[in-house]
Amino acid sequence: MKSLVAGGAGFIGSHLCEALLKRGHDVVCVDNLISGRLRNLQGPAIAGAGRRFRFLRHDIQNPLKIKVDFVFNLASPASPPHYQKHSIFTLRTGSEGTYQLLLLAERSRARFLQASTSEVYGDPEQHPQTEDYWGHVNPVGPRACYDESKRYAEALCMEFWRKRKVDVRVIRIFNTYGPRLDPKDGRVISNYVMQALRGQPLTVYGTGRQTRSFQYVSDLVEAIQKVMFSPGQAGCVYNTGNPGEFTMIQAARLVKKLTGSSSPIVFKPLPKDDPARRRPDITKVRKALGWQPRVPFEEGLKMTIQWFQEELKGSRAA
Ligand code: NAD
Ligand code: UDP
């Protein structure tokens, strides 16, 4: 079996490449490295895979002519500062990039999994969010480049399934964290942990009463495989996330406690259109596929902090 992982040099994609190799697949990792890092691909699972692993530096907006059995589309800038900086690129990646990969899947008769996002729900008026909620997105705001590109990609996937019989599956990923989060990409967990370890103030945006539900990366990688490799899932859409819900103040306090940091907490302006609450309803995926997250936030944070400590030691030694 041969899998293509688009965005495979990124945070989630690199963990997925490793899991697929362990499963016995050949893996083609396709990434243009706009936010991914080659060092994410230097762990023992990939180093030991020899010719079963191939890296292609490629932008998915361009056609790609290879034959595979499974296509995982994780390619997209994902952190708010990053996708807002590369806004037009983000829109084109979600639209033209997803189209090119769907054509590849159609030619290959491959199964296709789209990494969508809880952001399709925007600043949700329904709480928690179920898959049949249509969302509350500002289509002209600064987050629209990401939210709308992912919504368009979902629509495109569904039409490839309805009209052209490509077996597509969509997962809406809620905030995910863990080792290999880019320390510089501005997401909340990487910011807090780096700030705490460096003795800098932890930056809480707005009042800090907005909530997120944080999923550890190994739980997500398990969900991705369940959705892709279970029979009879064509055209299905699933939330994947951890329903534990935390305010950004609670998250900051937890990071301070687990790092033993005496950094102060400071408040910064809330970015425009920042969603006030977010929590997945995972009843659908639990009932259909028997998946639910296993790693509690505190436990996952400890493993993440340990990884960031090692990264910091490495960068000081270099
Ligand atoms: P990431 O930035 O670490 O990984 C994304 C990867 O895609 C990077 O390696 C980047 O270089 C690559 N990429 C971007 N555009 C590309 C293009 N046009 N062609 C080829 N490669 C391209 O982010 P991540 O957190 O690992 O996210 C992976 C996927 O999961 C993204 O699609 C993201 O939208 C989705 N997602 C992530 C989260 C999360 O909390 N991490 C939540 C919801 C959805
Ligand atoms: N946030 C914060 N401090 C930071 C970075 C982010 O308080 O240093 C907040 C941000 O305003 C949002 C939440 O943390 O309410 C999650 O932000 P992130 O960028 O990680 O992901 P989002 O869910 O907004 O896409």
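Scoring rules and cut-offs
Residues numbered from 1 in each chain as written. Chains lettered and ligands numbered in written order. Predicted model: local features only at pLDDT ≥ 70, side-chain atom pairs only at ≥ 80, totals over all residues. Heavy atoms only, no water. Axes fitted to C-alpha atoms, helices over the stretch in contact; angles between N-to-C directions. Helix = DSSP H or I, 4+ residues; strand = E, 2+ residues; numbered from the N terminus. Parallel < 35°, antiparallel > 145°, perpendicular 65-115°, else oblique. Left-handed = near helix turned anticlockwise from the far one by under 90°. Contact = heavy atoms within 4.5 Å. Salt bridge = Lys/Arg side-chain N within 4 Å of Asp/Glu carboxyl O. Buried < 20%, exposed > 50% of the residue type's maximum accessible area, 1.4 Å probe, protein only. Core = buried A, V, L, I, M, F, W, Y, C linked by side-chain atoms within 4.5 Å.

Asks: Outline the packing of helix α6 (residues 188-198) against helix α8 (residues 248-259), supporting the account with residue identities and numerical values.
Replies: Two elements in contact, α6 and α8, have axes whose closest approach is 10 Å; the angle formed by their N-to-C orientations is 40 degrees. In terms of axis orientation, α6 runs oblique to α8. In this structure, α6 crosses over α8, and the sense of that crossing is right-handed. Contacts from Val 188, Tyr 192, Val 193, Ala 196 and Leu 197 of α6 reach α8 at Met 248, Ala 251, Ala 252, Val 255 and Thr 259.

Asks: Go over the pattern of salt bridges with me, naming the residues and quoting the values.
Replies: Inspection of the entire model under this criterion finds 19 salt bridges. One salt bridge connects Arg 180 with Glu 18, and the closest N-O pair in it is separated by 2.7 Å. One end of the pair, Arg 180, is in the loop between β7 (176-177) and α6; the other, Glu 18, is in helix α1 (residues 11-22), with 162 residues separating them in the sequence. With respect to class, Arg 180 is no different from Glu 18; both count as buried. Here Arg 143 and Asp 274 are joined by a salt bridge, their closest N and O atoms 4.0 Å apart. Taken together, the residues span a long stretch of sequence, with Arg 143 in the loop between β5 (111-117) and α5 (144-164) and Asp 274 in the loop between β13 (265-268) and α9 (283-289) at a distance of 131 residues. The residues Arg 143 and Asp 274 share a single accessibility class, namely buried. A cluster of three or more residues bridged by salt bridges with shared partners is formed by Glu 119, Arg 143, Arg 212, Asp 274 and Arg 278.

Asks: Lay out the nonpolar core with the relevant residues and their values.
Replies: Grouped together as the largest cluster of nonpolar side chains are 61 residues, with contacts concentrated most on Leu 16, Phe 53, Phe 72, Ile 189, Tyr 192, Ile 224 and Phe 297. In terms of residues, this core owes the most to one element, helix α7 (residues 217-229), which gives 8 residues. Once residues lying within four places of it in the same chain are set aside, the contact partners of Ile 189 are Tyr 177, Leu 181, Phe 214, Phe 297, Leu 301 and Thr 304. One finds Ala 6, Val 28, Val 168 and Val 170 within the second-largest nonpolar core, a separate group that totals 26 residues.

Asks: Can you lay out unusual backbone geometry for me, pointing to particular residues and giving the numbers?
Replies: Each neighbour pair has its own omega, and for His 127 with Pro 128 the value is -10 degrees, a cis peptide bond. Of note, Pro 128 is situated in the loop between β5 and α5. Not every positive phi belongs to a glycine, and Arg 180 is a case in point at roughly 85 degrees. Accessibility expressed as a relative area gives 14% for Arg 180, which makes it buried.

Asks: Which residues make up α6, and what values go with them?
Replies: With 8 of 11 residues buried, α6 is to be regarded as a mostly interior element. Along α6, the residues that are buried comprise Ile 189, Ser 190, Asn 191, Tyr 192, Val 193, Met 194, Gln 195 and Ala 196. Positioned one or two residues after α6, Gly 199 has a phi angle of 75 degrees, which is positive.

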